[in-house]
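# Structural characterization, general
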Amino acid sequence: MKNFKYSPNKTVNTILCLTGLLLITFGCKKALNLNPISELTDAAEWQTPNDFKLGANAFYTYERTFKNAWFDYPTDPSNQEPHSDCRSDLMVVIGNLNPFSNGKNTVPQTDATYSGDYSHIHNINFMLNKAASYSNPASIKQYVAEAKFFRAYTYFDLLQVYGGVPLITTTLTTTSPELYLPQNTRDQIADFIISDLNAAIPDLPLQSNIAATDLGRVSQGAAQGFLSRVALYEGTWQEFRGNTARATQLLTIAQAAANSVITSAQYSLFEPAALGDSAQKYMFILENQKSNPANIVKASNNEYILANRYDQTVRQINLNVSHVAFANAFSPTRKFANLYLCADGLPITQSPLFQGYVKMNSEFINRDNRMKYTFMPAGGNYWSNAKYRIDWNGDAADLAHAAYLNFQPTFNNGYQNQKWASERNVPDDQEGYDYPVIRYAEILLNYAEATFELNGSINDADLDKSLNPVRLRANPTMPKLSNAFVAANGLDMRTEIRRERTIELYLEGFRIDDLKRWKTAETEMPMNLTGIQWAGTQFQTTWPGAGSLPKDATGSIIMESGRTWAQKDYLLPFPVQQLQLNPKLAQNSGW
Amino acid sequence: MKRKKTLLVFFLFLATCITAFAQSGQVTGKVADAVTNEVIPGATIKIKGTSVGTVTDIKGNFKINAADGQVLVASFIGYEPIEIPVTGLFVTIKLKENSKDLNEVVVVGYGTQKKATLTGAITTIDAKAFQNKGTVTNPLEALEGQVPGAIISRTSSAPGQEGWSIQIRGATSTNGATPLLVIDGAIVPDNNALNAINPNDIASMSFLKDGAAAIYGARAAGGVILITTKRGVSGKTVVTYDGSFSKKIIGNEQQQMTLQQYANGLIQARENDGYLPANDYLIHLGELMLKYQGQVISGINFPSGQFFQDGTPIPAGNPDPSFPVSDYTFFNNNYQNQLFKNGVSTQQSFGITGGTNKSTYRLSLGYAYDGSLLRYGDDYNNRYNIRFSDDYAFSDKVKLQSNIALDKDNVTVPTMESGTTGIFSYGFQPGSPAFAQNGSDYAWGANYSPEGLARDGGDNNTYTTRWTINENLNWQITDHLSFNTTLGYNPTTITNNTQEKSIQWYDYSGTILGVQYPTPTNAYYSESNTTDNYYNANAYLTYKNTFNKHNNVTLTGGSQYERDEYNMFSATTTDQSLNAIPGLSNGVGDATTHSNSGYASHYAFQSIFGRLNYDYDGKYLLEAQVRDDGSSKFIAADRYKPFWGVSGGWLITQESFMQGQHLFDELKLRGSYGTAGNQGNIGLYDYLQLLSLSYGTSVTSSNPYLGTGQAVTLGPTSTLVSLNRTWEKVETYNLGLDFEMINHHLTGSVDISEKNNTNMLLPVIYPATLGATAPYQNVGYLRTKAAEGQLTWTGKIGNIGYHIGGNITYNTDNVISYQGATVIASGINTVIQGQPLNSVYGYEYAGRIQNKTELTNYLQEYSTGNTIGIPANLRVGDNMFKDVNGDGKLNNSDLVNLGTEDPRISYSFNFGFTYKGFDFSTIFQGVGKRTIFRNDPANIPFNNWYWSQNNFTVGKTWTPTNTGAYYPELSNTSTINNYNYQASSLTVQNGEYLRCKNIVLGYTLPSKFIQRSKVINRMRVYLSGNDLFTFDKIRDGFDPEAPSNLKNSYTQYPFYRLVTAGVNLTF
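A brief report on the enclosed structure follows. Note that this is a predicted model, so its numbers are computed, not measured.

## Digging into the overall build of chain A
- Assigned secondary structure in chain A consists of 23 helices and seven strands.
- Within the span of chain A, comprising 591 residues, buried residues form 58% of the whole.
- Counted over contacts in chain A with a minimum sequence separation of 6, partners at least 24 positions apart contribute 72%.
- Split by element, the accessible area of chain A, about 21800 Å² in all, is 54% carbon and sulfur.

## Some thoughts on the overall build of chain B
- Assigned secondary structure in chain B consists of ten helices and 57 strands.
- Here the C-alpha atoms of chain B give a radius of gyration of 33 Å, agreeing with the 31 Å that 2.2 N^0.38 yields for 1067 residues.
- Counting only C-alpha atoms, chain B reaches 105 × 70 × 70 Å along its principal axes.
- Residues classed as buried in chain B amount to 56% of the 1067 residues present.
- Here the contacts in chain B between residues at least 6 apart in sequence split such that 71% fall between residues at least 24 apart.
- Both charge centroids of chain B, one from 78 positive and one from 86 negative side chains, sit 10 Å from each other.

## Some details on the pattern of salt bridges
All names here are of chain A.
- Overall, the coordinates contain 76 salt bridges over all chains when judged by the stated rule.
- With a closest N to O distance of 2.6 Å, lysine 67 and glutamate 81 form a salt bridge. One end of the pair, lysine 67, is in helix 3 (residues 66–70); the other, glutamate 81, is in the loop between helix 3 and strand 2 (91–93), with 14 residues separating them in the sequence.
- The partly exposed category is assigned to lysine 67, whose relative accessible area is 21%.

## Side note on the interface of chain B and chain A
- Counting from both sides, the interface comprises 72 residues of chain B and, opposite them, 68 residues of chain A.
- Interface of chain B and chain A: buried area, both sides summed, is about 6100 Å²; carbon and sulfur atoms make up 68% of it.
- It is Tyr705, Leu714 and Thr769 of chain B in chain B that bury the most area against chain A; as a group they hold 12% of the surface buried on that side.
- Inspection of the region where chain B meets chain A yields 18 residue pairs in polar contact (both at pLDDT 80 or more).
- With ten residues, strand 33 (residues 594–616) of chain B is the single largest residue contributor to the side of chain B that touches chain A.
- Partitioned by chemical class, the residues of the side of chain B that touches chain A number 42 nonpolar, 27 polar and three charged.

## Points about the side chain of threonine 486 of chain B
All names here are of chain B.
- Here threonine 486 shows up in strand 28 (residues 481–500).
- Among the residues examined, threonine 486 registers a relative accessible area of 3% and is labelled buried.
- One polar contact links threonine 486 to asparagine 472, side chain to side chain, over a distance of 2.8 Å.
- With residues up to four places along the chain from it excluded, the contact list for threonine 486 reads Asn470, Glu471, Asn472, Asn536, Ala537 and Asn538.

## Brief notes about the packing of aromatic side chains
- Inspection of the entire model under this criterion finds 87 aromatic pairs over all chains.
- Consider the rings of tryptophan 644 of chain B and tyrosine 673 of chain B, whose centres lie 5.2 Å apart with planes at 55°: the pair is tilted. Linking tryptophan 644 of chain B in strand 35 (residues 640–651) with tyrosine 673 of chain B in strand 36 (residues 664–678), this pair joins segments that are 29 residues apart in sequence.
- The class for tyrosine 673 of chain B is buried, based on a relative accessible area of 16%.
- Look at tyrosine 843 of chain B and phenylalanine 881 of chain B: their rings are 6.2 Å apart centre to centre, the planes differ by 50°, and that puts the pair in the tilted class. Within this pair, whereas tyrosine 843 of chain B is found in the loop between strand 46 (839–842) and strand 47 (845–848), its partner phenylalanine 881 of chain B is found in strand 48 (residues 879–881), the two being separated by 38 residues in sequence. The burial state of tyrosine 843 of chain B is the same as that of phenylalanine 881 of chain B; both residues are buried.
- Cluster of aromatic residues (ring-pair linked, three or more members): Phe59, Tyr60, Tyr62, Phe149, Phe150, Tyr153, Phe156, Phe226, Tyr233, Trp237, Trp565 and Tyr570 of chain A.

## Digging into the sheet that holds strand 17 (residues 224–229) of chain B
Residues and elements named next belong to chain B.
- Here five strands make up an open sheet; going across it, the order is 11-16-17-14-15 and the pairing mixed. Both outer strands of the open sheet, strand 11 (122–126) and strand 15 (186–188), are each paired with one neighbouring strand and no more. Here the average twist between neighbouring strands, direction ignored, is 25°.
- Sheet analysis places strand 11 next to strand 16 (residues 202–208), joined by five bridges and oriented antiparallel. Residue pairing across strands places threonine 123 opposite phenylalanine 207, the latter belonging to strand 16.

## Concerning the side chain of asparagine 446 of chain A
- Among the structural elements, asparagine 446 of chain A can be located in helix 15 (residues 440–455).
- Residue classification places asparagine 446 of chain A among the buried positions, given a relative accessible area of 1%.

## Topic: the sheet that holds strand 5 (residues 71–75) of chain B
All names here are of chain B.
- One open sheet accounts for four strands, arranged 3-2-5-7; its pairing is antiparallel. Only two strands of the sheet have a single partner each, and these edge strands are strand 3 (53–55) and strand 7 (82–85). Strand-to-strand twist in this sheet, taken as the mean axis angle between neighbours without regard to direction, amounts to 20°.
- As paired strands, strand 2 (residues 44–47) and strand 3 are joined by three bridges and run antiparallel to one another. From the neighbouring strand, lysine 46 faces strand 3, where its bridge partner is glycine 53.

## Overview of the pairing of strand 7 (residues 556–560) of chain A
Residues and elements named next belong to chain A.
- The buried fraction of strand 7 is high, at four of five residues.
- Strand direction decides the pairing type here: strand 6 (residues 529–533) and strand 7, joined by three bridges, are antiparallel. Paired with glutamine 533 across the two strands is serine 556, which belongs to strand 7.

## A word on the pairing of strand 13 (residues 165–168) of chain B
All names here are of chain B.
- Residues of strand 13 alternate between two faces, with Ile166 and Ile168 buried on one and Ser165 and Gln167 left unburied on the opposite face.
- In terms of strand pairing, strand 12 (residues 150–153) meets strand 13 through four bridges, oriented antiparallel. Pairing of serine 153 across the sheet is with serine 165, part of strand 13.

## Some remarks on helix 20 (residues 511–518) of chain A
Residues and elements named next belong to chain A.
- The buried fraction of helix 20 is high, at eight of eight residues.
- Residues of helix 20 that are buried include every one of Arg511, Ile512, Asp513, Asp514, Leu515, Lys516, Arg517 and Trp518, and no others.
- Looking at the packing, one finds that the buried side of helix 20 touches helix 6 (141–162), helix 8 (220–239), helix 15, helix 19 (493–504) and helix 21 (521–524).

## Focus: the packing of helix 15 of chain A against helix 19 of chain A
Residue and element names in this part refer to chain A.
- It is at 10 Å that the axes of helix 15 and helix 19 come closest, and there the two elements cross at 165°. Put simply, helix 15 runs roughly antiparallel to helix 19. By crossing handedness, the relation of helix 15 to helix 19 is classed as left-handed. Residues Ala441, Glu442, Leu445, Asn446, Ala448, Glu449, Phe452 and Glu453 of helix 15 lie in contact with helix 19, whose contacting residues are Met493, Arg494, Ile497, Arg498, Glu500, Arg501 and Glu504.
- Partitioned by chemical class, the residues of the contact of helix 15 with helix 19 number six nonpolar, one polar and eight charged.

Thresholds, definitions, all that
- Residues numbered from 1 in each chain as written.
- Chains lettered and ligands numbered in written order.
- Predicted model: local features only at pLDDT ≥ 70, side-chain atom pairs only at ≥ 80, totals over all residues.
- Heavy atoms only, no water.
- Helix = DSSP H or I, 4+ residues; strand = E, 2+ residues; numbered from the N terminus.
- Buried < 20%, exposed > 50% of the residue type's maximum accessible area, 1.4 Å probe, protein only.
- Contact = heavy atoms within 4.5 Å.
- Areas by Shrake-Rupley, 256 points an atom, 1.4 Å probe, with all protein chains shown as cover.
- Rg over C-alpha atoms; globule rule 2.2 N^0.38 Å.
- Lys, Arg positive; Asp, Glu negative; His and termini not counted.
- Charge placed at Lys NZ, Arg CZ, Asp CG, Glu CD.
- Salt bridge = Lys/Arg side-chain N within 4 Å of Asp/Glu carboxyl O.
- Buried area = accessible area lost by both parts, 1.4 Å probe.
- Polar contact = N/O pair within 3.5 Å; in protein donor to acceptor, adjacent residues only side chain to side chain.
- Nonpolar A, V, L, I, M, F, W, Y, C, P; charged D, E, K, R; others polar.
- Phe/Tyr/Trp six-rings, centres within 6.5 Å; stacked < 30°, edge-to-face > 60°.
- Pairing = 2+ DSSP bridges.
- Axes fitted to C-alpha atoms, helices over the stretch in contact; angles between N-to-C directions.
- Parallel < 35°, antiparallel > 145°, perpendicular 65-115°, else oblique.
- Left-handed = near helix turned anticlockwise from the far one by under 90°.

By themselves, these observations are geometric and do not establish any function.
Here you go:
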């Protein structure tokens, strides 16, 4: 270093080079053109059919699941479940009365249902927009059809909750005028849903043509089945509001759509002989693990037309379903209990088989079998996911492990639920049974109702094609519903069709929407939510603590009284913020 | 002589860098104080006009090669430099002490400036700030209260997780605006670099607080911090060692109720709620605690009517039958003592410096260890630093400065530190042991011993390695023109490995419990690796000239390019067996238990900048600067944005009418205006539509299950493309006055300033039918006003030199426009239009309900339609709140602003003296005007009985015999508790404090004595203390500096006092 010699020229050259370099870097504007290196950009994707398949996959997260059917957090605007049975007359949530159920809900600032649905619609429109410019439309038609199915699915949610809403069919930007238009009419939304479904149906595969690697994807039957649901909903909505012509048009669609699912012969009710009258119960908790006494697996279930699929080793429900469903904080109401027919096909008010309420389990005797598999009759033995079945024999080992031996239902309102609770050994949150987004039983009942509402009557052949298989699956010995049976016993066909639907689809998110379309909510919803009959029954001694609870004239304990239902309650209000942001959005009437 | 051997190693190591010189014309000399005649070691001697120089040794002697006629320039900090022509072979140079160095330069952006002609608001801190402070893990730690205009705060006192942050002159944006950090002329993209740097390497820190920051353009809205590191000094090799050992003594911490306090309180709360002792589980529990103090009752098996061992029945109604407990332990132990102990920390620094007239070097090695206050578990911060700097003069005109530094910062914390069942969760009720009898981990139901979680739950290790490679070339092209270029490369690697171990839990007797927590399937091991490579290059020309003798002009212009490349990947394996060895391959689960992810990105900046400095006679000063910044974060068409500033100064003391007065030595008036940008909340690719690809990473993922597994999904990201958003532009105004008075004894400055962020980025809400999140837009407006001042008196009485001084900072902000968002909620409101940021809103406490009549009246008047949660079962002994607006209703419109969570005032004062070998100094630091509200259920006594309870309410709650108590009657009912303890003038706390930040007593051993060792030239020993005592008004025991929100996270770590013994050695 001592002898280091520098050349001034060299130094100067170096500096000039550096200066030049810097000037070049600054001069080069492209030095700032840095595109993402690990993130996907729109420009680079949507090149192959698989991209559209992945795009369509995202929409399957919009399917309803357990939480939507029977959870609701009415005070949390981001956690609303407007279709939950918690908002209906079938269920009472102990200690947490539901303002949407009792008519005390107010206009919220924000509403995650509204904004969430439009976010889904944005994502669907985004993909459809990409598909429109794709070079080989034939290769992606199934995914386009799926997108349209889910767009219809989402708009139907909006229609059920709010009625007419803004119809957005393209991707918007912050300057789009569509943001500030008034909402479309109810009819426009319904027609749009129907047109999306009709566009999707021909491009969707038959269930039997869906490969194992694509199980769970939307089938033609799913779109047809959903069309029957939409058209029945809107058809009856219009029918009970005096719009006969519109109702006829829609009910015709509903009947035809349900019929095409039936005649497609792609689906059947789940009724393996080995499970006998408990087939329906075990269908709801069917897993590929040992989830039922007969070791039957999901592949045997051909009833779920579209399912939100789960599996303990692939995708867990991740919700404490068994724990919450099993004799926990929400309870079925006495009204619902009383809806179950007796074994002779007659209502409890008419049937000689009805045993009354004297003992804690009297009312469960001689009833529709679905009652004992949905409720937890007193004195029975019950298992859950934590205290699970050991060998399904009901033997000593099994009994020793029961969650409840000789069950004493002396808490909540006295009625306890067991639907959706696993009986197999599985930790909380890890259950893996599917959620039926659309199941065949509903389509059969849609067919029966659409036919009846369309014609004002339904013939025995149509009943045998639709409603009776559903009823007889759980009750092989119960008389069929027929015009003769109705006439002989002074029954009402419409009431019986609705009864069957309410019993069969309990805790699947139908009840409150059914009451709305039938326009019967105004009579059904203000009724007290009640529990077991306490006065003059065994409960009086087994459950002294309920003595202080209020009772109705029958001596049943009142869980909630003073409920109301106003005409405005048939639709939920638009959130305040949305009205402020778009002054042309008109609030639903009465709000 | 072991020490000598060590030194030898260093000498060998440096052999290549040191050049000997032994040439003719050697001048020797001595430098001494002109007044005291004491020799001055370390003074710099340079030959004027060259880079040749040396420093005086311990005796004040120097040798230098110089020819007759050349001029020696001698200088030393605190003395006026002097020029002496070489006239012989021996010179004695007498330096005059000067409280102010007229030629003192301050590092500003792209260059230095004489402090005397500075027009911007710039504060400079020198190396002394970091001395004698014990282990300083972040330089900001030592600067708390020291920089006028800056508020420095931390979020925790846990080693390596202090979260030091600095805010210059108040808030700049709701999107955050951290000051830009520049080290040795190179921008550092990440302020976390401050955690890794060795404070001992810092020569000075400049804080650009006003429009002067505009030279840094788009990133300077939060101010700029310029760090200059120490450089070598030519001459004899000087080795220094600084070492200290510190004890960390637990300072302010919450105190938990004792077993007895807890039991009595619980009984009282339940009885107040109307429960009868005969059939209440909790009252019974309290009674058992009192009866069986110090004992264990085991063999309990909940639920179902069972009996304690002594036959006492366990009443029905156990609050949570899902979690069976197997014993009851009623020890009289102190929860805080179980968890915390005193700790230690240490730091060591070696420095070697020397060189020739052509080349100087400095090498420093640093090590710091910051230990834990946690009694169990691995919890520490280790820092290793190597920094080598070299100055090489190719010629008189061309010089190269090189820096290479390696900073390693390793932080280890227990993995289960935070979270609801973490170490700092709400803990057990009193009485629980840390461990079972045989030392294994104790659990009570689903409550796991925090000590067990700390000890056996695994470690989270973060290893940060930062390299700094920085070359700076300076070429004095002509007398007036110089060229400067800097090339920098800063690669940073952060690796993390975290193990969360499954723990087997036991009851006190050592019987194994059924539970393992975390479950083996949830237990995991993960590794991640982040590399962030940052390149920067800048070059600028400086032209400096004087016209007509009076007009001094300096022009600077240049350009800069920066680029950052980021890459991260991580991998996780769940399903760990008990006692698993950390390793990605050690999971026992199937393929689905292994997951990985990665991310990479880059960005670049391209800028040109320029500055003009003009002064007339050093009297009228003018400065203007401009910068045009371009960034890859915006679309090409709208990529460049200009920022500029202008400032002026008037050195009043230079005026003729000021001549002859003796009061002011210097008086300068300054004013400035500038604009700067803020890049908070600007994403890297906002201008592009990005897609998100999502695949299920576990059985709990929400991806749909299609076909045979979880399906991959693809879709647009939730935010729309943003083509027109740009940097927030912040305008800064500043007016300042600097003065030196009374023979330089009194120095000070005062500044007032205002910042206007007129296009603050805000989320704009559109109708939901948009279906996506709209991009932030430049539509907000935040105004911040600040004032600051400092004053120092330096003097000497006989042999005693002393100084006394202080500074104060005040700031306030107001959200002028925030898209009309004015919804006020109880508690802390981050942003409300028309109000300061982080305003605490609450109700006005209106006294306590003392009797039935008051109760009835209050309920009658306000119960209907109230939204403040008045419970139907309100009691005598509960709070009343005031109907502020008098509308007969208690609701949100009665909320009043109770102050802000951000401190408004920060101040400090210091005092020190030197006498013979002794030196003493002390710094007091404080904060005024801060409101603290802990929105934390743990701050409500007995709201959750199974948590440990802070004892701040003991004896201070309302009872019929203590009706004047501060707090309401105890309750275990959440509606009553939430009502009583909601944000109000009763529950907010005053966050003011004043603390003794630092006291140092040092002694420098007499040189005659010390030099007998032949090795050591200078030796100073000192004792110091940090945060020794604090005056505050906090009621719940936490440190007043701690953040408001302490919810079950490591922010609950107690603050500590640091007592340090240290030594400074020069060889």
